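Spelled out from the first residue to the last, the chains are:
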Amino acid sequence: MPTCTFIGNADYSPELYDRIAWTIRKIIRRNERIIFLAGDEEPFEALCADRVRIEKKRSPSKDIALYMIACQNHDPIDRAVFSMFYDKIICIMNHLDARAAEQAAVEWRIVR
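Calculation notes
Residues numbered from 1 in each chain as written. Predicted model: local features only at pLDDT ≥ 70, side-chain atom pairs only at ≥ 80, totals over all residues. Heavy atoms only, no water. Pairing = 2+ DSSP bridges. Helix = DSSP H or I, 4+ residues; strand = E, 2+ residues; numbered from the N terminus. Axes fitted to C-alpha atoms, helices over the stretch in contact; angles between N-to-C directions. Contact = heavy atoms within 4.5 Å. Core = buried A, V, L, I, M, F, W, Y, C linked by side-chain atoms within 4.5 Å. Buried < 20%, exposed > 50% of the residue type's maximum accessible area, 1.4 Å probe, protein only. Salt bridge = Lys/Arg side-chain N within 4 Å of Asp/Glu carboxyl O. Phe/Tyr/Trp six-rings, centres within 6.5 Å; stacked < 30°, edge-to-face > 60°. Lys NZ or Arg CZ within 6 Å of the ring centre and 35° of its normal.

What follows covers the sheet that holds strand β2 (residues 33-39). Sheets are built from strands that pair by backbone hydrogen bonding, the pairs being arranged parallel or antiparallel. Taken in spatial order, the four strands make up an open sheet running β1-β2-β3-β4, and their pairing is parallel. In this open sheet, the two strands that pair with only one neighbour each are β1 (3-5) and β4 (88-91). The mean angle between the axes of side-by-side strands here comes to 25 degrees, regardless of whether they run parallel or antiparallel. Across four bridges, the pairing between strand β3 (residues 63-70) and β4 is parallel. When the bridges of β4 are listed, A70 appears paired with C91. Each of β2 and β3 is contacted by helix α2 (residues 43-58), which is oriented at about 160 degrees to β3, the strand it contacts most.

Okay, the nonpolar core next. Ranked by internal contacts, the top residues of the largest apolar core, which has 21 residues, are F6, I20, I24, F36, V52 and L66. Looking at this core, the elements with two or more residues in it are α1 (14-30), β2, α2 and β3.

Summed over the entire model, instances satisfying the criterion amount to six salt bridges. Note that K62 is salt-bridged to E32, the shortest N-O span being 3.5 Å. One end of the pair, K62, is in the loop between α2 and β3; the other, E32, is in the loop between α1 and β2, with 30 residues separating them in the sequence. With relative accessibility at 18%, the residue K62 sits in the buried group.

On to the packing of aromatic side chains, then. Per the counting criterion, the structure on display carries one aromatic pair. Consider the rings of F6 and F36, whose centres lie 5.9 Å apart with planes at 5 degrees: the pair is stacked. Here F6, found in the loop between β1 and α1, pairs with F36, found in strand β2; they are 30 residues apart in sequence, far enough to count as distant. Using a relative accessible area of 10% as the deciding quantity, one classes F6 as buried. Residue class for F36 comes out buried when judged on its relative accessible area of 0%. Over the face of the ring belonging to Y86 we find R53, whose NZ or CZ atom lies 5.3 Å from the ring centre.

And the structure:
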């Protein structure tokens, strides 16, 4: 199954939102089944997730899933709220090498 991932973007404009909407519609038209992944930290990722939810309602015959990729464990109340908006929540800290990967990413950012 194809997967589409949203990576944060600091710049926001109405043109960006229109482009996001157009891109998501195009991806959905080309695929009968698709998983969209969105993080839990950037406004850009929330914007993309919101647009996926809108397009998902417009295309009920398609198998569209929206997963949240959480960088940290959320408390049970937050998790319950998020589960109303996402099909699945995946916490990267629950995976064996996630902490090592996070540390490597931090070190890479420092070196660069």
